[in-house]
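An overview of the molecular structure
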Amino acid sequence: SSNANTLDDYEEGTFTLATTGHAGTLTVNTSYDTLQYTKIGRVVHCQGNLRFSAASGHSGNLSLTGLPFTSISGAAEESEYPAVNAYIENMVSGIDGYVTGVVDAGSTTFSLREGGLTGDGADLANHIDTGTYIKLQFTYFV
C-alpha cells in the first residue's frame, strides 16, 4: 500500500540481559534473564523479570546490556530519556525515593538509577542482593 500509515515493520521476540559497568559481582539467574519485546516501526516495547543469583562486592550503577536493537543516537533530548519502569523486591537495603532508568544513546544498554539521581548518588547496584527481583517495563526508539 502507498498509505503513509501502513504498518510495515512489526516484530516480536525475546532477548537476554546481563549486568555491566559495575564493580564486584552481580550475576543474573539464567532462569530469569529473558525478557520479551514488541517492535512496531521505530518503537520498541520491552517487559520482563530479572532475578539475581549472586551478589558480592558490588557498587556503582546498575547497567544492563543486551537490548534487542541499538537505540537511536543524536541530541540528548531525542535519544537519552527516562524510559524505564522498575519494581524491585528483596534488596539488601532500601532506596531513597524511587527507581528510574535511561536507555543509553546509540547502544544496547540501559541503566537503573536510585531516586532518579545521576553520578555517584545513583549507585543502585549497592542495594542488589542474591535473590533481588526486578520487574521491568520500558520503551525506546531505534
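Our subject is the structure listed above.
About the criteria used
- Residues numbered from 1 in each chain as written.
- Predicted model: local features only at pLDDT ≥ 70, side-chain atom pairs only at ≥ 80, totals over all residues.
- Heavy atoms only, no water.
- Pairing = 2+ DSSP bridges.
- Helix = DSSP H or I, 4+ residues; strand = E, 2+ residues; numbered from the N terminus.
- Phe/Tyr/Trp six-rings, centres within 6.5 Å; stacked < 30°, edge-to-face > 60°.
- Buried < 20%, exposed > 50% of the residue type's maximum accessible area, 1.4 Å probe, protein only.
- Axes fitted to C-alpha atoms, helices over the stretch in contact; angles between N-to-C directions.
- Salt bridge = Lys/Arg side-chain N within 4 Å of Asp/Glu carboxyl O.
- Core = buried A, V, L, I, M, F, W, Y, C linked by side-chain atoms within 4.5 Å.
- Contact = heavy atoms within 4.5 Å.
- Polar contact = N/O pair within 3.5 Å; in protein donor to acceptor, adjacent residues only side chain to side chain.

What follows deals with the pairing of strand E10 (residues 133-141). Alignment of strand E5 (residues 43-59) against E10, held across 9 bridges, turns out to be antiparallel. Note on E10: the bridge partner recorded for Val-44 is Tyr-140. Across 6 bridges, the pairing between strand E7 (residues 84-89) and E10 is antiparallel. Residue pairing in the sheet places Tyr-87 in a bridge with Lys-135 of E10.

Our focus in this paragraph is the packing of aromatic side chains. Here the structure, examined in full by the defined rule, presents 4 aromatic pairs. Measuring from ring centre to ring centre gives 5.4 Å for Tyr-37 and Phe-69, while their planes differ by 90°; the resulting arrangement is edge-to-face. Within this pair, whereas Tyr-37 is found in strand E4 (residues 34-40), its partner Phe-69 is found in the loop between strand E6 (62-65) and helix H1 (76-79), the two being separated by 32 residues in sequence. Seen in terms of ring centroids, Phe-110 and Phe-138 are 4.7 Å apart; in terms of plane orientation they differ by 40°. Their pairing is tilted. You can see Phe-110 sitting in strand E9 (residues 109-114) and its partner Phe-138 sitting in strand E10, a full 28 residues away along the chain. We classify Phe-110 as buried; its relative accessible area is 0%.

Once that is clear, we can look at the sheet that holds strand E2 (residues 18-20). Reading across from one edge, E2-E6-E9-E8 is the order of the 4 strands in this open sheet, with antiparallel pairing throughout. Strands at the two margins of the open sheet, each flanked by one partner only, are E2 and strand E8 (99-103). Here the strands of the sheet are splayed against their neighbours by 30° on average, with no regard to which way each runs. Relative to E6, E2 is paired through 3 bridges, and the arrangement is antiparallel. Bridged to Thr-20 within E6 is Ser-63.

Moving on to the pattern of salt bridges. Counted according to the given criterion, the structure contains 1 salt bridge. Of the charged contacts in the structure, one is a salt bridge between Lys-39 and Asp-9, with a shortest N-O distance of 2.4 Å. Highlighted residues: Lys-39 in strand E4 and Asp-9 in the segment before strand E1 (10-16), separated in sequence by 30 residues. Owing to a relative accessible area of 8%, Lys-39 belongs among the buried residues under this scheme. Judged by its relative accessible area of 27%, Asp-9 is partly exposed.

The next subject is the nonpolar core. Counting 28 residues, the largest nonpolar core has Leu-17, Phe-110, Leu-112, Ile-134, Leu-136 and Phe-138 as the members making the most contacts within it. For this core, the elements supplying multiple residues, two or more each, are strand E3 (23-28), E4, E5, E6, E7, E8, E9 and E10. Element by element, the count of residues in this core is highest for E5, at 5 residues. Every residue in contact with Leu-136, bar those within four places of it in the chain, is listed here: Leu-17, Leu-35, Cys-46, Gln-47, Gly-48, Leu-50, Leu-64, Val-84, Asn-85, Ala-86, Phe-110 and Leu-112.

Our next topic: the side chain of Ser-107. With respect to the helices, strands and loops of the structure, Ser-107 is situated in the loop between E8 and E9. A polar atom in the side chain of Ser-107 sits 3.0 Å from the backbone oxygen of Asp-104. Non-local contacts of Ser-107, meaning those with residues more than four positions away in its chain, are made with Phe-69, Thr-70 and Ser-71.

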